[in-house]
Amino acid sequence: MKAIIDDGCIGCGICAETCEEVFKMNDDGLAEAFAKVTPELEGSAQEAADSCPVSIIHIEED
Ligand code: SF4
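What counts as what
Residues numbered from 1 in each chain as written. Predicted model: local features only at pLDDT ≥ 70, side-chain atom pairs only at ≥ 80, totals over all residues. Helix = DSSP H or I, 4+ residues; strand = E, 2+ residues; numbered from the N terminus. Rg over C-alpha atoms; globule rule 2.2 N^0.38 Å. Buried ≥ 20, exposed ≤ 12 C-beta atoms within 10 Å, placed from the backbone. Contact = placed C-beta atoms within 7 Å. Core = buried A, V, L, I, M, F, W, Y, C linked by C-beta atoms within 7 Å. Near = placed C-beta within 6 Å. Nonpolar A, V, L, I, M, F, W, Y, C, P; charged D, E, K, R; others polar.

Visitor: I tried to follow the overall build of the protein on my own but got confused; where do I start?
Guide: Across its full length, the protein carries two helices and four strands. Along the chain direction, N to C, the helices and strands of the protein fall in the order β-α-β-β-α-β. Scaling as 2.2 N^0.38, a compact globule of 62 residues should have a C-alpha radius of gyration of about 11 Å, and the protein matches this with 10 Å. Counting only C-alpha atoms and orienting by the principal axes, one finds that the protein spans roughly 30 × 20 × 20 Å. Here the protein, with 62 residues, has 21% of them falling under the buried criterion. Restricting to contacts in the protein with at least 6 residues of sequence separation, those with at least 24 account for 54%.

This is the structure:
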């Protein structure tokens, strides 16, 4: 699985706090998905997606 982040990040940092194995904040202060969503990380990555205040994170098949 992989995480897709659409345009519109407001830089709140929740996704990086919720699933630091997949999401980080880049130098522009916006979220970036830097790693694959392995089976072990699906739960926390989905939690990060569900927690995004602007609902721009999607967990999809590769
Ligand atoms: S939770 Fe959403 S708005 Fe917040 S940093 Fe992550 S992608 Fe951006």
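Now that the structure has been shown, we can carry on.
Visitor: Help me understand the nonpolar core in this model?
Guide: Across soluble globular proteins, nonpolar side chains have a tendency to be buried as a group. C15, F23, A45 and A48 are the most contacted members of the largest nonpolar core, which has 13 residues in total. No other element matches the three residues that helix α2 (residues 42-51) contributes to this core. Excluding its chain neighbours within four sequence positions, the residues that come into contact with A45 are A3, C19, V22, V37 and I59.

Visitor: Explain the site of the ligand to me, please; I cannot follow it from the model alone.
Guide: Near the ligand you find 14 residues, and of these C9, C12, C15, A31 and C52 are the closest. Taken together, the residues of the shell around the ligand break down into twelve nonpolar, two polar and no charged.

Visitor: In this structure, what is going on with the environment of C52? I would like to understand it.
Guide: Along the polypeptide, C52 turns up in the loop between α2 and β4 (57-60). Classification of C52 by C-beta neighbours within 10 Å gives buried; the count is 21. For the pair C52 and K2, spaced 50 residues apart in sequence, the C-alpha separation works out to 16 Å.

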